[in-house]
Amino acid sequence: MKLDTTHLRYLSNEDWRVLTAVEMGSRNHEVVPTPLIAQISGMRGGSGVQRSISTLAKIGLIGKVKNAHYDGYRLTYGGVDYLALNTFSKRKTVYSVGNQIGVGKESDIYVVAGETGVQHVLKIHRLGRISFRSVKANRDYLRNRNSGSWMYMSRLAATKEFEFMKVLRENGFPVPEPLDQSRHCILMELIDAHPLRSVTEIVNPAKLYAELMELIVKFANHGLIHGDFNEFNILVYEKSQKPIVIDFPQMISVDHANAEEQFDRDVNCIKRFFERKFGFKSDQPGPFFTKDVNTTKRLDAEVMASGFSKKQWKELEKYRLQVLANEKDDEGEEGESAEQAVDENAEGDSEEEDDSEEEEEEEQLVQEEEEEEEEGEIIGT
Ligand code: ADP
Ligand code: MG
């Protein structure tokens, strides 16, 4: 989904109030009933609320949903994007949004500028943006389909990534400096370096290889396994040839049942890449999880004790397992009705949907933005 900031500066205070009310109502309602929106917004007289609702719906920040019990609205990804940007704007961490520099399976990456013009990276997590090819996978997915939960999962991923970047940075790991987080978005230092995959010249592959292997072991010595340690998630400075590691939502603990397997996968990913790209093969075997790792510090426990609970970690992992299972299903049923693929990109739709009671129970992360002032600078584009 594109981040369209066109309307950011034109929204009135009332519009923001109503948008915030829809977000707050979403914590315990999959579809927020219109009277509740009015009530939470605290705006007197229905016409103002109605006007804002129409404005927000027209530009796709909320979507109308009709169901068996009542009509109401649901926040779209566009709506949460605006709320997050507004929060950054008020905290003066983001002033303007620039070009998109990356689009991953589950994130969008933009260059943004702070007030002084210094550039940062905005990573917007978009979990649930997957096309399922097979009919069966569609069916399974649709059964659990709930835009509220995609948003919730995206928020979990952002929280996890931000909290880990903080402790990693504090412990001397080469990662971008984490600057701010709101909802499903994180703001971090812009690294002026290219991913290893597209770096044209590595002067000394053996040296970089050794550094990367040391890093994998250092992660594990601190209780962690990156889990996606590959040529896309390692940026290399052209001049110093020093690596910076990014992309942490899938990190696991060394206690995890698949720890050794993931550790080996990270190691083998680098081995394979160096062999293929630079014709470099180390004469040293390993590193090995059982032999070379000596966990003396537990950053996993540190994070769980502060910003990201064990429960949240598990919830995110459950989602990932489900995605993996669906991907496997997709492979298994290739060729089956590709046109039935669901493009989850098409969020913000106001399609009809059953709003079951259990979905309403869905836990939402407590929003730190709750007590924010309505006024404030609105980001320009
Ligand atoms: P995804 O989870 O979608 O893979 P990543 O965090 O790996 O997201 O970011 C995707 C791409 O965006 C990276 O491969 C890199 O090219 C670029 N990128 C991400 N973060 C930064 C950063 N802090 N500085 C510079 N480029 C970045
Ligand atoms: Mg990545």
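Residues numbered from 1 in each chain as written. Chains lettered and ligands numbered in written order. Predicted model: local features only at pLDDT ≥ 70, side-chain atom pairs only at ≥ 80, totals over all residues. Heavy atoms only, no water.

Naming follows an unreviewed UniProt entry, where the protein appears as Serine/threonine-protein kinase RIO2 of Ascobolus immersus RN42. Under the heading Sequence similarities (unreviewed entry), UniProt records this for the protein: "Belongs to the protein kinase superfamily. RIO-type Ser/Thr kinase family." What UniProt records for the protein under Cofactor (unreviewed entry) is the sentence "Mg(2+)". (UniProt positions renumbered as here; feature names shortened; annotations may be inferred.)

Enquirer: In this structure, what is going on with the packing of aromatic side chains? I would like to understand it.
Expert: For any pair of aromatic rings, the description consists of the separation of the ring centres together with the inter-plane angle of the planes. Counted by the stated rule, this structure contains twelve aromatic pairs. An aromatic cluster is present here, built from Tyr 209, Phe 273, Phe 274, Phe 278 and Phe 280 joined pairwise through their rings. (Phe/Tyr/Trp six-rings, centres within 6.5 Å; stacked < 30°, edge-to-face > 60°.)

Enquirer: Before we go on, may I ask you to explain the coordination of the magnesium ion (ligand 2) in this structure?
Expert: By definition of the ideal shapes, four donors in a tetrahedron about a metal sit 109.5 degrees apart, and six donors in an octahedron sit 90 or 180 degrees apart. Those donors, Asn 233 (OD1) and Asp 247 (OD), are the protein atoms that reach the magnesium ion (ligand 2), and they lie 2.1 to 2.2 Å from it. One end of the pair, Asn 233, is in the loop between β11 (224-225) and β12 (234-236); the other, Asp 247, is in the loop between β13 (243-245) and β14 (252-253), and 14 residues separate them in sequence. Summarising the burial analysis for this pair, Asn 233 and Asp 247 share the class buried. (Donors = N, O, S within 2.8 Å, 3.2 Å for Na, K, Ca; no water. Helix = DSSP H or I, 4+ residues; strand = E, 2+ residues; numbered from the N terminus. Buried < 20%, exposed > 50% of the residue type's maximum accessible area, 1.4 Å probe, protein only.)

Enquirer: What exactly am I supposed to notice about the site of ligand 1 here?
Expert: With respect to spatial proximity, 16 residues lie near ligand 1, and among them Ser 107, Lys 123, Glu 189, Asn 233 and Asp 247 are the closest. The side chain of Ser 107 places a nitrogen or oxygen atom 2.5 Å from an oxygen atom of ligand 1. Lys 123 is positioned with one of its side-chain polar atoms (N or O) 2.8 Å from an oxygen atom of ligand 1. Burial of ligand 1 by the surrounding chains reaches 83%, relative to a free accessible area of 550 Å². In terms of residue class, the shell around ligand 1 is built from ten nonpolar, three polar and three charged. (Near = heavy atom within 4 Å. Polar contact = N/O pair within 3.5 Å; in protein donor to acceptor, adjacent residues only side chain to side chain. Areas by Shrake-Rupley, 256 points an atom, 1.4 Å probe, with all protein chains shown as cover. Nonpolar A, V, L, I, M, F, W, Y, C, P; charged D, E, K, R; others polar.)

Enquirer: What is the right way to read helix α8 (residues 259-278) from this model?
Expert: Three- or four-residue spacings in an α-helix give side chains the same orientation, since the helix completes a turn every 3.6 residues. In a regular helix each residue adds 1.5 Å, so 20 residues correspond to 28 Å; α8 covers 28 Å between its end C-alpha atoms and thus fits that length. Within the span of α8, buried status applies to Ala 259, Gln 262, Phe 263, Asp 266, Val 267, Ile 270, Phe 273 and Phe 274. In an axial view of α8, the angular spread of the buried residues amounts to 140°, which keeps them on one side of the axis. Facing away from the buried side of α8, by more than 90 degrees, are the exposed residues Glu 261, Arg 272 and Arg 276. Backbone geometry just after α8 places Gly 279 at a positive phi near 60°. (Expected span 1.5 Å × (residues − 1). Arc of directions from axis to C-beta.)

Enquirer: What's the story with the pattern of salt bridges in this structure? I'm lost.
Expert: Close approach of charged atoms allows side chains of opposite charge to pair. One pass over the structure, following the stated rule, counts 16 salt bridges. Notably, a salt bridge pairs Arg 169 with Glu 189, separated by 3.5 Å at the nearest N-O pair. Of this pair, Arg 169 sits in helix α6 (residues 147-170) while Glu 189 sits in strand β9 (residues 185-189), placing them 20 residues apart in sequence. Judged by its relative accessible area of 38%, Arg 169 is partly exposed. We classify Glu 189 as partly exposed; its relative accessible area is 26%. Here Asp 255 makes a salt bridge to Arg 298, at a shortest N to O gap of 2.8 Å. Of this pair, Asp 255 sits in the loop between β14 and α8 while Arg 298 sits in the loop between α9 (289-292) and α10 (299-305), and the two are 43 residues apart along the sequence. On the basis of relative accessibility, which here comes to 59%, the residue Asp 255 falls in the exposed class. The exposure class assigned to Arg 298 is partly exposed, which follows from its relative accessible area of 31%. Here the salt bridges do not stand alone but share partners, grouping Glu 23, Arg 155 and Arg 183 into one network. (Salt bridge = Lys/Arg side-chain N within 4 Å of Asp/Glu carboxyl O.)

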